[in-house]
Amino acid sequence: MSFPRNFDFHCHSTVSDGLLPPADVVARAAARGVSHLALTDHDDIDGLAAARQAAAELDLVFVNGVEISIEWENHPIHLVGLGFDAQYPALLAGLAAVRSGRVERARRMGEAFAAIGIPGVFEGAMRHAGNPLLISRAHFARHLVEIGLFKEPRQVFEHYLVPGKPGYVEHRWASLADALDWIHAAGGVAVLAHPARYKIGSAQMRRFLSEFKARGGQAIEVVSGSHTADQVLHYARLARHFGFYASRGSDFHGAEESYVDLGALPPLPEDLLPVWRLLDC
Ligand code: AMP
Ligand code: MN
Ligand code: MN
Ligand code: MN
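Residues numbered from 1 in each chain as written. Chains lettered and ligands numbered in written order. Predicted model: local features only at pLDDT ≥ 70, side-chain atom pairs only at ≥ 80, totals over all residues. Heavy atoms only, no water.

K.L.:
I'm lost on the overall build of the chain in this one. Help?
P.N.:
In terms of helices and strands, the chain carries 9 helices and 8 strands. Rg of the C-alpha trace for the chain: 18 Å, near the compact-globule value of 19 Å for 281 residues, within the 12% margin. The dimensions of the chain, computed from C-alpha atoms along their principal axes, are 55 × 45 × 40 Å. Out of the 281 residues in the chain, the part that is buried amounts to 54%. For the chain, the share of sequence-separated contacts (at least 6 apart) that also reach a separation of at least 24 residues comes to 72%. With 26 positive and 32 negative side-chain charges, the chain shows a spacing of 5 Å between the two charge centroids. (Helix = DSSP H or I, 4+ residues; strand = E, 2+ residues; numbered from the N terminus. Rg over C-alpha atoms; globule rule 2.2 N^0.38 Å. Buried < 20%, exposed > 50% of the residue type's maximum accessible area, 1.4 Å probe, protein only. Contact = heavy atoms within 4.5 Å. Lys, Arg positive; Asp, Glu negative; His and termini not counted. Charge placed at Lys NZ, Arg CZ, Asp CG, Glu CD.)

K.L.:
Any chance you could explain the side chain of S69 here in plain terms?
P.N.:
Within the secondary structure layout, S69 lies in strand β3 (residues 61–72). Classification of S69 as buried rests on a relative accessible area of 1%.

K.L.:
Would you explain the coordination of the manganese ion (ligand 3) in this entry?
P.N.:
Four donors placed tetrahedrally around a metal ideally meet at 109.5 degrees, and six donors placed octahedrally ideally meet at 90 or 180 degrees. The protein atoms that coordinate the manganese ion (ligand 3) are E67 (OE), H78 (ND1) and H194 (NE2), at distances of 2.1 to 2.2 Å. Along the chain, the residues donating to the manganese ion (ligand 3) fall in the pattern E-x10-H-x115-H. Separating the manganese ion (ligand 3) and the manganese ion (ligand 2) is a distance of 5.7 Å. Of this pair, H78 sits in strand β4 (residues 75–82) while H194 sits in the loop between β6 (189–192) and α8 (202–214), and the two are 116 residues apart along the sequence. (Donors = N, O, S within 2.8 Å, 3.2 Å for Na, K, Ca; no water.)

K.L.:
What am I meant to see in the site of ligand 1 here?
P.N.:
In the vicinity of ligand 1, the contacting residues are D17, H42, R102, R105, S136, R137, A138, F157 and H253. Within the side chain of R105, one N or O atom sits 2.8 Å away from an oxygen atom of ligand 1. Considering ligand 1 on its own, with 500 Å² of exposed area, one finds that the protein chains cover 77% of that surface. Listed by contribution, the elements that provide at least two residues to the shell around ligand 1 are α3 (89–115) and α5 (137–146). Here the shell around ligand 1 is composed, by residue class, of 2 nonpolar, 3 polar and 4 charged. Residue-level mapping places the shell around ligand 1 at the junction of two domains, with at least three residues from each of domain 1 (7–96 + 173–278) and domain 2 (102–161). (Near = heavy atom within 4 Å. Polar contact = N/O pair within 3.5 Å; in protein donor to acceptor, adjacent residues only side chain to side chain. Areas by Shrake-Rupley, 256 points an atom, 1.4 Å probe, with all protein chains shown as cover. Nonpolar A, V, L, I, M, F, W, Y, C, P; charged D, E, K, R; others polar. Domains from an automatic or database assignment.)

K.L.:
Even after reading the chapter, I still don't get the coordination of the manganese ion (ligand 2), so can you show me in this structure?
P.N.:
Within the protein, D17 (OD), D17 (OD), H42 (NE2) and H253 (NE2) serve as the donor atoms for the manganese ion (ligand 2), at 2.1 to 2.6 Å. With 6 donor atoms in place around the manganese ion (ligand 2) and angles of 53 to 156° between them, the coordination shape is irregular. When the donors of the manganese ion (ligand 2) are listed by position in the chain, the intervening gaps give D-x24-H-x210-H. (Tetrahedral: all angles 85-135°; square planar, octahedral: opposite > 155°, others 65-115°.)

K.L.:
What is the right way to look at the domain arrangement of the chain in this model?
P.N.:
Partitioning the chain into domains gives domain 1 (7–96 + 173–278) and domain 2 (102–161). Centre-to-centre, using C-alpha coordinates, domain 1 lies 25 Å away from domain 2. The interface of domain 1 with domain 2 comprises 14 residues on the first partner and 11 residues on the second. Taking both partners together, domain 1 and domain 2 bury about 950 Å²; carbon and sulfur atoms supply 46% of that area. Among the residues of domain 1 in contact with domain 2, D17, W173 and E257 are the three that bury the most area, contributing 47% of the side total. Seen at the junction of domain 1 and domain 2, the total is 2 salt bridges. The shortest N-O distance in the salt bridge between R102 and D43 comes to 3.0 Å. At the surface where domain 1 touches domain 2, the tally comes to 8 residue pairs in polar contact (both at pLDDT 80 or more). Of the residues in the side of domain 1 that touches domain 2, the class split is 4 nonpolar, 6 polar and 4 charged. (Buried area = accessible area lost by both parts, 1.4 Å probe. Salt bridge = Lys/Arg side-chain N within 4 Å of Asp/Glu carboxyl O.)

Here it is as structure tokens:
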């Protein structure tokens, strides 16, 4: 294993809405100094076997991961599951159920774009999806860039695809209770992904954290590629207050589309208990 230890427990491949195949994500992580990696594709664990094999060849410690889309009090929220048994039937069935809603949602998104005079968006987004079952808003954003509406996917999310804007459709994701059951039954650890990204006030966030903790959630991402330095400090305080372990993940999707590259995150605040203590690494 390379030294010093550099953990990245949140990133994506073409199995969901990342830009690199699983083995290439691992190779990039290794080249950039990551020593311990979890691949956490949205709602799908099909990339884990290839990623694990690539990691073994590059002497990188690999941890099974997934980022599950849930809803809580009508807010879309993401949970990262780590260190689970990737053959566990209830987890596989749960993820299949979450995925099955995505294609129908994507069709409705396409209809919403057609209604405002932009045809062919479903088909266009699908062409960007490495895994057609895992069509995501990121693929829609790439298509809208490709047809010249915007320069970068990031700009698309300022005008489209978000609540109140064209192309957003309501969707029923998994419940918090179900997603935690799948992760825990499969022997994994549940982590709240990028807590600063949700449109949730501080009292509601505390309520979420209380419920997450009461249901067995053990960690939150304190250091995330999408967190500012102040947000890191804020969620470090909440981790201490609630007794959560802390995770660290870039949320890397590709060199062109990420907040921060693999291996380039700041360290966890030193007094926090790192989530890797729960994962034997
Ligand atoms: P979905 O799971 O289909 O709702 O899509 C969510 C994905 O869209 C996220 O995982 C990101 O990859 C992408 N995304 C969401 N919001 C933004 C944003 N503001 N800028 C860039 N990408 C975004
Ligand atoms: Mn994504
Ligand atoms: Mn996410
Ligand atoms: Mn993510």
